[in-house]
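Below, each chain spelled out in residue letters.
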Amino acid sequence: MWLLNWQKSSFSDTDDGSHCLELSSGAGGLCHLRESDDPGVIVTTDASKLRAFLLAVKAGEFDHLV
């Protein structure tokens, strides 16, 4: 397994550092996401799929699920 360099979201502003979304880029253009309070669970996708997902979230396409 490769060592990933994780970056926390600038929107993750908790006093104890938990509940933060972290992102790491990997080989082959893959993106890895995890929550800092459960670092063993990692979601892996490619940059174009992550971009499409983020654009859909911003456009409100998942608002009906809340």
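Keep in mind the model is a prediction, meaning the values are calculated, not measured. (Residues numbered from 1 in each chain as written. Predicted model: local features only at pLDDT ≥ 70, side-chain atom pairs only at ≥ 80, totals over all residues. Heavy atoms only, no water.)

Peer 1: Would you mind going over the side chain of Ser24 with me for this structure?
Peer 2: The topology assignment puts Ser24 in strand S2 (residues 21-25). By relative accessible area, which is 2% here, Ser24 ends up buried. Of note is the side chain of Ser24, whose polar atom sits 3.1 Å from the backbone oxygen of Asn5. Apart from residues no more than four positions distant in its own chain, Ser24 is found in contact with Leu4, Asn5, Trp6, Leu30, Cys31 and His32. (Helix = DSSP H or I, 4+ residues; strand = E, 2+ residues; numbered from the N terminus. Buried < 20%, exposed > 50% of the residue type's maximum accessible area, 1.4 Å probe, protein only. Polar contact = N/O pair within 3.5 Å; in protein donor to acceptor, adjacent residues only side chain to side chain. Contact = heavy atoms within 4.5 Å.)

Peer 1: Please clarify how the sheet that holds S2 should be interpreted in this entry.
Peer 2: In sheet architecture, strand pairing relies on hydrogen bonds along the backbone and comes in two forms, parallel and antiparallel. Read across the sheet, four strands follow the order S1-S2-S3-S4 without closing on themselves; strand pairing throughout is antiparallel. The strands lining the two open edges of the sheet, one partner per strand, are strand S1 (7-8) and strand S4 (38-46). With five bridges joining them, strand S3 (residues 30-35) and S4 adopt antiparallel strand pairing. Note that in S4 the partner of Cys31 across the bridge is Thr45. Sitting on the sheet, helix H1 (residues 47-58) is in contact with S2, S3 and S4, with an inclination near 100 degrees to S4. (Pairing = 2+ DSSP bridges. Axes fitted to C-alpha atoms, helices over the stretch in contact; angles between N-to-C directions.)

Peer 1: Even after reading the chapter, I still don't get a nonpolar patch on the surface, so can you show me in this structure?
Peer 2: The grouping of Phe53, Leu54, Val57, Phe62 and Leu65 at the surface amounts to a nonpolar patch, some 470 Å² of accessible area in total. Positionally, Val57 belongs in helix H1. (Patch = residues over 30% accessible without salt bridge, like charges linked within 9 Å, V, L, I, M, F, W, Y side chains within 5 Å. Areas by Shrake-Rupley, 256 points an atom, 1.4 Å probe, with all protein chains shown as cover. Salt bridge = Lys/Arg side-chain N within 4 Å of Asp/Glu carboxyl O.)

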